[in-house]
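Structural characterization, general
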Amino acid sequence: MKKKFIIAGLLFAAFGVTKMTAQINFGDKAIGAVQKGVTGFTFSNADAAKLSKEAVDKLDAEHEIAGPTDGYTLRLNRVFGKHASGDGFTLNYKVYKLKEVNAFATADGSVRVYSGLMDIMDDNELIAVIGHEIGHVANNDSRDAIRAAYQKEALMDGAASQSATLATVTDSQLGKIGSAIIDSKYSRKQESEADLFAYNFMKKNGYNVNAEESAFRILAKMSEGSQASFIDQMMSSHPDSQKRADEAKKRAEKDGLYKPYVQQKIVNTAPAATTTKKATTTTKKTTTTKKK
């Protein structure tokens, strides 16, 4: 996989906004078919969770996942282990060992963070990004995205489009749905609400809310580098990260919490093993010389 420091998953799914109201961009023809062909289709939260888990299980099988003793896993557990549940959802976290800067969350509560993101953001900045993704779960945006992805694949297949219940998808369709999860687009309103969720999440739990602005500044600076042409192509219809950073700053200023953020040390390695040296006691042997 080619090394890209900014990719669609984070800039589209996590921080991008779009003028389109559809959560997945799959063309006008398919959108029209969705509107006509599945008007009677019901898609419950349970359906979304089931399909999301199947898609994420497939993604997990296709990516290198940091093991339980890996430094990335230890850090993620330390940072977010205490936030495994929320209002009506339970979260599970894993790290993909990939250099892309990305993170996503799905309707079943799966949160996947790329090691590339953890390499450039400290704990507070990481909380801001993941908090944004959790916002999409809490606000049911992830449910709507998986529904749109399923409808697209069901209609392309033709068999499930007339069914009122969730049909079994093929392995190929599941792969496409998984890709759609990573590259999903959200509406301007959904993105704004997820940004606000992340801010309130940090404020409620005592984190430095200014890290949200800092996270956007990092992305904005990276977009000026060697990957700029790639980003311009992917972000042509989106406000830039600099604007999102300005909005985050305004939120903190309004609450009287603003202070320029200084990035903390980033440590993704496992703690060094400590060895305890066994103390040895030397007993000095004394000899007594008998007088003659």
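Before reading on, note that the structure itself is shown above.
Residues numbered from 1 in each chain as written. Predicted model: local features only at pLDDT ≥ 70, side-chain atom pairs only at ≥ 80, totals over all residues. Heavy atoms only, no water.

Section: the environment of alanine 245
In plain terms, the rule: In DSSP terms, a helix is any run of H or I states spanning at least four residues, a strand is any run of E spanning at least two, and both are numbered starting from the N terminus. For every residue, the accessible area (1.4 Å probe, protein chains only) is compared with the maximum for its type, and the residue is labelled buried under 20%, exposed over 50%, or partly exposed between those bounds. For this analysis, residues touch if any pair of their heavy atoms sits within 4.5 Å.
The residue alanine 245 is located in helix α12 (residues 241-254) in this model. Residue classification places alanine 245 among the buried positions, given a relative accessible area of 0%. Sequence separation between alanine 245 and arginine 217 is 28 residues; the distance between their C-alpha atoms is 6.0 Å. Once you skip the residues sitting within four places of it in the chain, alanine 245 turns out to touch Glu213, Phe216 and Arg217.

Some remarks on the packing of aromatic side chains
To describe a pair of aromatic rings, one takes the distance between the centres and the angle between the planes. Cut-off, in case you're wondering: Whether two aromatic rings pair depends on their centres lying within 6.5 Å, for rings of Phe, Tyr and Trp, where Trp uses its six-membered ring; planes under 30 degrees apart make the pair stacked, over 60 edge-to-face, and the rest tilted.
In this structure the tally under the stated criterion is 6 aromatic pairs. Taking 6.0 Å as the distance between ring centres and 5° as the angle between the ring planes, the aromatic pair formed by phenylalanine 80 and phenylalanine 201 counts as stacked. Remark: phenylalanine 201 occurs in helix α9 (residues 188-204) and phenylalanine 80 occurs in helix α4 (residues 71-80); sequence separation between them is 121 residues. A relative accessible area of 0% means that phenylalanine 80 is categorised as buried. An aromatic cluster of at least three residues, connected via ring pairs, comprises Phe80, Tyr93, Phe197 and Phe201.

Observations regarding the nonpolar core
Nonpolar side chains tend toward joint burial in soluble globular proteins. Just so we agree on the cut-off: Buried Ala, Val, Leu, Ile, Met, Phe, Trp, Tyr and Cys residues form a nonpolar core when they are joined through side-chain atoms within 4.5 Å.
Membership of the largest hydrophobic core comes to 35 residues, with the highest contact counts inside it found for Leu76, Phe80, Tyr93, Val113, Leu117 and Ile130. Of all the elements in the fold, those that place two or more residues in this core are α4, β3 (92-96), β4 (103-105), β5 (110-114), α5 (115-120), α6 (123-138), α9 and α10 (210-222). It is α6 that contributes the most residues to this core, 7 residues altogether. Ignoring sequence-local partners within four residues, the contact set of isoleucine 130 consists of Leu76, Phe80, Tyr93, Val111 and Val113.

Brief notes about helix α8 (residues 171-182)
Rules: Every helix has an expected span of 1.5 Å times one less than the residues it contains.
End to end, α8 covers 17 Å across 12 residues, agreeing with the expected 16 Å (1.5 Å per residue, within 8%). Along α8, the residues that are buried comprise Gln173, Leu174, Ile177, Gly178, Ala180, Ile181 and Ile182.

Comments concerning the environment of phenylalanine 89
With respect to the secondary-structure elements, phenylalanine 89 resides in strand β2 (residues 89-90). Taking C-alpha positions, phenylalanine 89 is 6.4 Å from glycine 109, a pair spaced 20 residues apart along the chain. Discounting chain neighbours no more than four positions away, the residues touching phenylalanine 89 are Ala84, Ile134, Val137 and Ala138.

Re the pattern of salt bridges
Let me state the cut-off plainly: Criterion for a salt bridge: a side-chain nitrogen of Lys or Arg within 4 Å of a carboxyl oxygen of Asp or Glu.
Applying the stated criterion across every chain yields a total of 17 salt bridges. A salt bridge links aspartate 144 to arginine 143, with the nearest nitrogen and oxygen atoms 3.2 Å apart. On the accessibility criterion, arginine 143 (24% relative accessible area) is partly exposed.

Here's the deal with the pairing of β5
Which entries qualify depends on this criterion: A pair of strands is labelled paired if DSSP reports no fewer than 2 bridges between them.
Counting buried positions along β5 yields 5 of 5 residues, so the element is predominantly enclosed. Taking every second residue as pointing to the same face, both faces of β5 are buried, with Ser110, Arg112 and Tyr114 on one and Val111 and Val113 on the other. Examined bridge by bridge, β3 and β5 share 5 bridges and lie parallel to one another. In the sheet register, asparagine 92 faces β5, and the bridge partner there is serine 110. Strand direction decides the pairing type here: β4 and β5, joined by 3 bridges, are antiparallel. Counterpart to phenylalanine 104 in the pairing with β5 is arginine 112.

Structural notes on the packing of α9 against α10
Stated formally: Helix axes are fitted only over the stretch in contact, all axes being lines through C-alpha atoms; the angle between N-to-C directions runs from 0 to 180 degrees. Just so you know how the angles are binned, under 35 degrees is roughly parallel, over 145 roughly antiparallel, 65 to 115 roughly perpendicular, and the rest oblique. For this scheme, ten residues count as nonpolar: Ala, Val, Leu, Ile, Met, Phe, Trp, Tyr, Cys and Pro. Four count as charged, namely Asp, Glu, Lys and Arg, and the remainder, Gly too, count as polar.
α10 packs onto α9 with a crossing angle of 135° between their chain directions and a minimal axis gap of 9 Å. Put simply, α9 runs oblique to α10. When α9 is examined against α10, the residues Asp195, Ala198, Tyr199 and Met202 are found in contact with a partner set consisting of Ala211, Glu212 and Phe216. The residue makeup of the contact of α9 with α10, split by class, is 5 nonpolar, no polar and 2 charged.

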